[in-house]
Amino acid sequence: MTVRTRFAPSPTGYLHIGGARTALFAWAYARRHAGQFILRIEDTDVARSTPETVQAILDGMRWLGLEYDEGPFYQMQRMPRYKEVIERMLAAGTAYHCYTAPEELDALREAQMARKEKPRYDGRWRPEPNKTLPAPPAGVSPVVRFRNPLDGAVAWDDAVKGRIEIANAELDDFIIARADGTPTYNFCVVVDDRDMGITHVIRGDDHVNNTPRQINLLEALGAPVPVYAHLSMILGDDGQKLSKRRNSVAVTDYEERGYLPEAVLNYLARLGWSHGDDEVFTMEQFVRWFDLEHITSSAAQFNTEKLDWLNAQYIKSAAVARLSGEAARRLAKRGINPEAGVPLDKAVPLYQERVSNLNELADALEPFCVAVRPSAEMLAAHLTDPARAALKDLRGRLSACAWEKAAISAALKETLAACAMKMPQVAIPLRVALLGQPQSPAIDAVVEVLGRVEALARIDRCL
RNA sequence: GUCCCUAUCGUCUAGAGGCCUAGGACAAUACCCUUUCACGGUAUGAACCGGGGUUCGAAUCCCCGUGGGGACGCCA
């Protein structure tokens, strides 16, 4: 049997980080077992699903590089199929019409809550051998309810949570088609999972409570029951439930915040799953190692600091051309022409090991692309008279020396000797003059990358 | 309220009854490196929620409690 997994988001505006992890695990499981990964868009909530929200999901998947073998399938396009199954269930007696009005149901629920009972449909329209049903009220279009077993229990061996058993008495005859004939969530999922031959349902654990209903439905349909793996949720950095207001929840936010997709993927893989002490690994390794047994069953708190660290690791090993491209894009977005100054490829290596995200890289590269204007405070603090004298001396030497790091470094040391100064006394003012900042990578490397013409011009501007 | 899930350093986690004096990573602290800031290196501190069992032996199995989360829609 070949493994078939699916990711079935409802497009609510973006692919959020929890959904991304679910997708990643489902994808990895399929890849691990040489199976298929299917994308299904659950867009039956027409109020919230728009072409844009669907596109946002697709964009998120693409940024992460999670490729699907089939789909995207859209539930809205499967309506005829759902109706067909509902008709068949009605005919088979595994579903029935219910004429209870929404207001009546509300009243029922309230009464049950008041009695401290679990709110459930009371089965008033459920046909039974010796029961006389009320006459259908005129002008009311009925909903269709699933005829759930009355007793016994539903149980399954959840691949992450272990055996879960729920008494049928806890369940009720849930609605599978609304009064307007449109099918509901639990029903669509079941029909889709069955039609698409899903063997492993990997999803968030907010669906554990839906599982017994879905299993009962599957059984009523005579369909095989897949393996279920319920992933616990991801909490925000603050230990609270992820919220749009307080956290970055959309994966595309991470792109914007300067993260590399492989860092996000690696981080997500490690959040709720582990392979011994391994922390940094490629997607190839992940796919090779991934299993359902090592998924954590409790909720995990998102930790931005660790993501930052991972991102820094990936930046260190990324190709210079790629980093230059990313930095250029970000600079251009700020209205800076990345072509204006030093070629970014030259400057990137100076910062590759020092930054933890692409925006920091762009920040660092910015002074190489624009005319630097150190602030008055900066000048007052660092460009003292002795410092200026030293820079002037250095300027002379730099205009004559060979343009390579060793020669630049030698020129610097000669200035130190000539002016009887220590390295920081010259290097810091020089940094301010060249980049407008008192900190930078090794100063000789910075001078070299800037090029003779630019370096001298920047020094001159401060003398 | 009812049902379901869950509980190891601040955080992510390793841990399948003896390998645990509880390991790794991020973060923290200290030191080293150093031309500033980083990077890097070394070291240190830091946890089995509580109570009962089971067992020769429990972080690991069972029960109860407590904390946290989820579900109870003609939403998905």
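The model shown is predicted, which means the values in this text are computed figures rather than measured ones.

What counts, and where the lines are drawn
- Residues numbered from 1 in each chain as written.
- Chains lettered and ligands numbered in written order.
- Predicted model: local features only at pLDDT ≥ 70, side-chain atom pairs only at ≥ 80, totals over all residues.
- Heavy atoms only, no water.
- Buried < 20%, exposed > 50% of the residue type's maximum accessible area, 1.4 Å probe, protein only.
- Helix = DSSP H or I, 4+ residues; strand = E, 2+ residues; numbered from the N terminus.
- Pairing = 2+ DSSP bridges.
- Right-handed = clockwise from strand over helix to strand, strands pointing away.
- Core = buried A, V, L, I, M, F, W, Y, C linked by side-chain atoms within 4.5 Å.
- Contact = heavy atoms within 4.5 Å.
- Near = heavy atom within 4 Å.
- Polar contact = N/O pair within 3.5 Å; in protein donor to acceptor, adjacent residues only side chain to side chain.
- Salt bridge = Lys/Arg side-chain N within 4 Å of Asp/Glu carboxyl O.
- Axes fitted to C-alpha atoms, helices over the stretch in contact; angles between N-to-C directions.
- Parallel < 35°, antiparallel > 145°, perpendicular 65-115°, else oblique.
- Left-handed = near helix turned anticlockwise from the far one by under 90°.
- Nonpolar A, V, L, I, M, F, W, Y, C, P; charged D, E, K, R; others polar.
- Expected span 1.5 Å × (residues − 1).
- Phe/Tyr/Trp six-rings, centres within 6.5 Å; stacked < 30°, edge-to-face > 60°.
- Arc of directions from axis to C-beta.

Quick look at the pairing of strand β1 (residues 4-7) now. Alternating positions in β1 separate into two faces, Arg4 and Arg6 on one and Thr5 and Phe7 on the other, with burial throughout. Here 4 bridges tie β1 to strand β2 (residues 36-41), and the two strands are oriented parallel to one another. Pairing of Thr5 across the sheet is with Phe37, part of β2. The handedness of the β1 to β2 crossover, carried by helix α1 (residues 17-32), is right-handed.

This part is about the nonpolar core. Counting 105 residues, the largest nonpolar core has Leu24, Phe286, Phe368 and Leu434 as the members making the most contacts within it. Counting residues per element, this core draws most heavily on α1, which supplies 10 residues. If sequence neighbours within four positions are ignored, Phe368 has contacts with Gly341, Val342, Ala347, Leu350, Tyr351, Leu435, Val446, Val449, Leu450 and Arg458. Met89, Ile164, Phe174 and Ala177 belong to the second-largest nonpolar core, a separate cluster that totals 31 residues.

Moving on, we come to the protein's contact with RNA strand B. Taken together, 58 residues surround RNA strand B, and among them Lys116, Arg178, Gly272, Arg354 and Ser440 come closest. Each atom of RNA strand B within 4 Å of the protein was assigned to sugar, phosphate or base; sugar and phosphate come to 67%. A distance of 2.9 Å separates a phosphate oxygen of RNA strand B from a polar side-chain atom of Ser274. Contributions of two or more residues to the surface near RNA strand B are made by α4 (102-114), β7 (162-167), β12 (300-301), α10 (304-317), α17 (423-435) and α18 (443-450).

So, on to the environment of His97. With respect to the helices, strands and loops of the structure, His97 is situated in strand β4 (residues 95-98). Take His97: its relative accessible area is 35%, and that puts it in the partly exposed class. Apart from residues no more than four positions distant in its own chain, His97 is found in contact with Leu90, Trp125, Pro142, Val143 and Val144.

Now for the pattern of salt bridges. Enumeration over the complete set of coordinates arrives at 36 salt bridges. For the salt bridge of Arg397 with Asp393, the shortest nitrogen-to-oxygen distance reads 2.7 Å. Residue Arg397 and its partner Asp393 are both found in helix α15 (residues 385-400); the two are separated by 4 residues, about one turn of the helix. Here the salt bridges share partners, and the residues they tie into one network are Arg6, Arg40, Glu42, Arg78, Arg81, Glu84, Asp192, Asp193, Arg194 and Asp195.

Moving on, we get to the packing of α17 against α18. Two numbers describe a pair of packed helices, the interaxial angle and the distance between the axes. The contact between α17 and α18 brings their axes to 11 Å, and the two run at 30°. Taken together, the axes of α17 and α18 lie roughly parallel to each other. Here α17 and α18 pass one another in a crossing that is left-handed. Residues Ala427, Leu430, Arg431, Leu434 and Leu435 of α17 form the contact with α18, whose participating residues are Ile443, Val446, Val447 and Leu450. Each residue belonging to the contact of α17 with α18 can be placed in one class, and the counts come to 8 nonpolar, no polar and 1 charged.

Moving on, we get to α17. Between its terminal C-alpha atoms α17 stretches 17 Å, which fits the 18 Å expected from 13 residues at 1.5 Å a residue. Every buried residue of α17 is accounted for by Val426, Ala427, Pro429, Leu430, Arg431, Val432, Ala433, Leu434 and Leu435. With its phi angle positive at about 80°, Gly436 sits one or two positions after the end of α17.

Pairs of aromatic rings are described using the distance from one ring centre to the other and the angle between the two planes. Within this structure, the stated rule accounts for 16 aromatic pairs. Geometrically, the ring pair formed by Tyr254 and Phe302 is tilted, given 5.9 Å between the ring centres and 50° between the ring planes. Of this pair, Tyr254 sits in helix α7 (residues 251-256) while Phe302 sits in the loop between β12 and α10, and the two are 48 residues apart along the sequence. Exposure remark for Tyr254: the relative accessible area of 4% places this residue in the buried category.

Geometrically, the link from Gly71 to Pro72 is a cis peptide bond, its omega value of 5° lying close to zero. Turning to its location among the elements, Pro72 is positioned in strand β3 (residues 70-74). Although it is not a glycine, Ala420 sits at a positive phi angle of roughly 55°. Its location among the elements puts Ala420 in the loop between α16 (405-419) and α17. For Ala420, a relative accessible area of 70% gives the class exposed.

So, about the side chain of Asp193. Of note, Asp193 is situated in helix α5 (residues 185-195). By relative accessible area, Asp193 is classed as buried at 5%. Among all residues touching Asp193, those that are not within four sequence positions of it are Arg6, Arg40, Ile198 and Val201.

Another aspect to go through is α4. The end-to-end C-alpha distance of α4 is 18 Å, a good match for the 18 Å that 13 residues give at a rise of 1.5 Å each. Those residues of α4 not exposed but buried are Leu105, Leu108 and Gln112. The buried side chains of α4 occupy one side of the element, clustering within an arc of 60° when seen end-on. Counted as exposed and oriented over 90 degrees from the buried face of α4: Glu103, Glu110, Met113 and Ala114. Structurally, α4 contributes buried residues whose contacts are with β5 (143-146).

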